[in-house]
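The chain contents come next:
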Amino acid sequence: MEAVKGPVLVISTIADQIARTVEGMSDTLSAPFTDPVIRLGVTGLSRAGKTVFITSLVANLMDRGRMPQLEAAATGAIRTAYLQPQPDDTVPRFNFEAYLSQLTAPEPSWPNGTRQISELRLSMRVQPSGLLAGISGPRTVHIDIVDYPGEWLLDLGLLDQTYAEWSEAALARAKGRPGGDDYVALVAGVDPTVPLDEPEALVLAERFTAHLQEAREAGFSDCSPGRFLLPGDLAGSPVLTFAPLPTTRYPRGSLGREFERRFESYKRNIVRPFFRDHFAKIDRQIVLVDVLGAIHAGPVALDDLRSAMARILGAFRPGRNAFLTRIFQGRQVEKILFAATKADHLHHSQHPQLTAITEALLREAKDRADFAGAQTAAMSVAALRTTVEETVDHKDGSLDVVRGRLLDTNKQAAFYPGKLPDDPAHLLTPAREGSDTWLDADYSIMNFAPAPITRRPGDGPPHIRLDKAAQFLFGDRL
Ligand SMILES: Nc1nc2c(ncn2[C@@H]2O[C@H](COP(=O)(O)OP(=O)(O)O)[C@@H](O)[C@H]2O)c(=O)[nH]1
Ligand SMILES: [Mg+2]
């Protein structure tokens, strides 16, 4: 729980309330006269697959030939779908056209990583079916897709922490992780009570950031504060120039006191505005999770993914946090879909196991809370299918594999990632117990290039279960 700690906090509290109230008012005033809007949040840690997901989803909603499981597409209720200017002028637009042409070029390539929030409005003309079909004409439904880094959700936990609590936890987490021991050793030689020296502060922040980056690259998920990995235009600013230090009483003007102040500033100027201005407006949410990538990185990475997901899910339980309760004002995210991405790395005979592992990863977090009534589901998806399935002869009988073009060599290869267990506990238990390696199996991963696509008219890019995901997320509103 967050305590009211001083005048600054009270002011920002009032600002939060005013922001929500003014907005709430304009919502009510204009609601009956405007078309329905669904704000769909798309999140996931970096490289989870957000950009590819949004690009393929939008392309497949515009050309609906591959969307049989989306009811409104199958029945023909969706007449047309088209892009429109988004409602928020200050949020960067999701660069749909550029990403789609990259993915569907004669020599397709993956889009570059994105490091900030972006938005896209897709509007659909929908002809109501059933009782209303005869009386009412087609109506327009807008889907505002908001792409934001999952790392930013991890930051919610910071709001409940003091600088000392955060420092202690961050130093403990760093131990044994890539670059972490170096940072801990560096800090051991630092006296946080000495007067602040800005070059020294910068070195500490840079070294701590480098450690977070290395850990992320090695497959760790919980690498917060989120803006340290994805700084955008804040790179180098004082609000990101802090790092964990040994806890003690920091005198006035000392390094420790200044880092404490900047930590509070990070919470106030970065974390809170994101939740207030963006997160609190989301109606439906998809959380993309690279479960296969974490399994490949090993038990420690898988357990870290589990705990990061538990913290991310904390953001969807407004009742748990005074700040969230205030900004949500009784609203809630109505549906949350957890999607294991890149399922085209697996033959479909293994998709049920992948989905079961995804469900189990989230179970602990789900059991602790009811998500205040939000409906949740887990699925295995591939936003862009890069492989075809094959069954090949193998020394122990036949083997279900996938075949695709490798990213680094450009060669075609058949690939079998290893047998995922039917019981998710066979992975999650050793992960929780901190095993260094998987005991009875080795899970490999290959990076496939997007395959050149020949599309029939009316078809979007090939995918796995995007239509099912769309049906869950907003099918009920079409
Ligand atoms: N095989 C396959 N790879 C994918 C898929 N989606 C994403 N990827 C891979 O994951 C990388 C990161 O995806 P991206 O959408 O940029 O992730 P973001 O950082 O969450 O936006 C891509 O460059 C691809 O290599 C998919 O559906 N199938
Ligand atoms: Mg992206």
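Each value, and the rule that gives it
Residues numbered from 1 in each chain as written. Chains lettered and ligands numbered in written order. Predicted model: local features only at pLDDT ≥ 70, side-chain atom pairs only at ≥ 80, totals over all residues. Heavy atoms only, no water. Helix = DSSP H or I, 4+ residues; strand = E, 2+ residues; numbered from the N terminus. Buried < 20%, exposed > 50% of the residue type's maximum accessible area, 1.4 Å probe, protein only. Contact = heavy atoms within 4.5 Å. Polar contact = N/O pair within 3.5 Å; in protein donor to acceptor, adjacent residues only side chain to side chain. Salt bridge = Lys/Arg side-chain N within 4 Å of Asp/Glu carboxyl O. Pairing = 2+ DSSP bridges. Axes fitted to C-alpha atoms, helices over the stretch in contact; angles between N-to-C directions. Parallel < 35°, antiparallel > 145°, perpendicular 65-115°, else oblique. Left-handed = near helix turned anticlockwise from the far one by under 90°. Near = heavy atom within 4 Å. Areas by Shrake-Rupley, 256 points an atom, 1.4 Å probe, with all protein chains shown as cover. 1 Å grid on protein atoms, 1.4 Å probe; cavity = no way out; pocket = protein on both sides within 12 Å on 5 of 7 lines; lining within 4 Å. Sits in = over half its atoms within 2 Å of the grid points. Points joined across faces, edges and corners; volume = space filled by probe spheres on them. Nonpolar A, V, L, I, M, F, W, Y, C, P; charged D, E, K, R; others polar.

### Brief notes about the overall build of the protein chain
Now for step 1: Looking only at helices and strands, the protein chain has 16 helices and ten strands in total.
Now for step 2: Residue burial in the protein chain is summarised as follows: out of 478 residues, 52% are buried.

### Here we look at the side chain of N60
Now for step 1: With respect to the secondary-structure elements, N60 resides in helix α2 (residues 50-62).
Now for step 2: Discounting residues that sit within four places of it in the chain, N60 has contacts with R66, M67, G460, P461, H463 and L466.

### What about the environment of T391?
Now for step 1: Within the element layout of this structure, T391 appears in strand β8 (residues 388-394).
Now for step 2: Sequence separation of T391 and V401 is ten residues, and the distance between their C-alpha atoms is 5.9 Å.
Now for step 3: When sequence neighbours within four positions are dropped, the list of residues in contact with T391 reads H347, S398, L399 and D400.
Now for step 4: One polar contact links T391 to D400, side chain to side chain, over a distance of 3.0 Å.

### As for the pattern of salt bridges
Now for step 1: Within the structure shown, the criterion is met by 22 salt bridges.
Now for step 2: Residues R216 and E151 are paired through a salt bridge, measuring 3.9 Å at the closest nitrogen-oxygen approach. Placement of the pair is R216 in helix α8 (residues 198-217) and E151 in helix α5 (residues 150-154), with a sequence separation of 65 residues. Each member of the pair, R216 as well as E151, is classed as buried.
Now for step 3: Measuring nitrogen to oxygen at the nearest pair gives 2.5 Å for the salt bridge that ties R311 to D222.

### Quick notes on the sheet that holds strand β4 (residues 139-147)
What links the strands of a sheet is backbone hydrogen bonding, and the strands pair in either a parallel or an antiparallel sense.
Now for step 1: In space, the seven strands of this open sheet follow the order β2-β3-β4-β1-β5-β6-β7, with mixed pairing throughout. A single partner strand is all that each edge strand has here, and the edge strands are β2 (78-84) and β7 (375-380). Adjacent strand axes in the sheet meet at a mean angle of 20°, parallel and antiparallel pairs treated alike.
Now for step 2: Here strand β6 (residues 335-340) pairs with β7 via six bridges, running parallel.

### Side note on the packing of α8 against helix α10 (residues 255-277)
Now for step 1: Contact geometry for α8 and α10: axes closest at 11 Å, N-to-C directions at 55°. Taken together, the axes of α8 and α10 lie oblique to each other. Once α8 is placed against α10, the crossing between them reads as right-handed. Along its contact with α8, which presents E198, E200, A201 and L204, the element α10 presents L255, F259 and R262.

### What about the site of ligand 1?
Now for step 1: Around ligand 1, the surrounding shell holds 16 residues, and the nearest of these are R47, K50, T51, V52 and D344.
Now for step 2: Taking T51, its side chain carries an N or O atom lying 2.8 Å from an oxygen atom of ligand 1.
Now for step 3: The contact in question runs from an oxygen atom of ligand 1 to an N or O atom on the backbone of V52, over 2.9 Å.
Now for step 4: Protein chains bury 95% of the 580 Å² of accessible surface belonging to ligand 1 in isolation.
Now for step 5: In this structure, ligand 1 is accommodated by the largest pocket.

### Considerations on the pairing of β8
Now for step 1: Strand direction decides the pairing type here: β8 and strand β9 (residues 397-405), joined by seven bridges, are antiparallel. Bridge pairing in β9 links V388 to R403.

### A word on empty space enclosed by the protein
Gaps between atoms show up when a probe of the same size as a water molecule is rolled over them.
Now for step 1: For the structure shown, the criterion picks out three cavities of 30 Å³ or more.
Now for step 2: Estimates place the volume of the largest cavity at around 60 Å³.
Now for step 3: Along the walls of the largest cavity sit A170, R173, A174, R177, F208, H211, L212, A215, D222, C223 and S224, which together make up its complete lining.
Now for step 4: At the level of secondary structure, the elements contributing two or more residues to the lining of the largest cavity comprise α6 (163-174) and α8.
Now for step 5: It is α8 that contributes the most residues to the lining of the largest cavity, four residues altogether.
Now for step 6: A class-by-class count of the residues in the lining of the largest cavity yields six nonpolar, two polar and three charged.
Now for step 7: Looking at the second largest cavity, its volume works out to about 50 Å³.
Now for step 8: Lining of the second largest cavity is provided by L292, I295, H296, P417, L420, Y443, S444 and I445.

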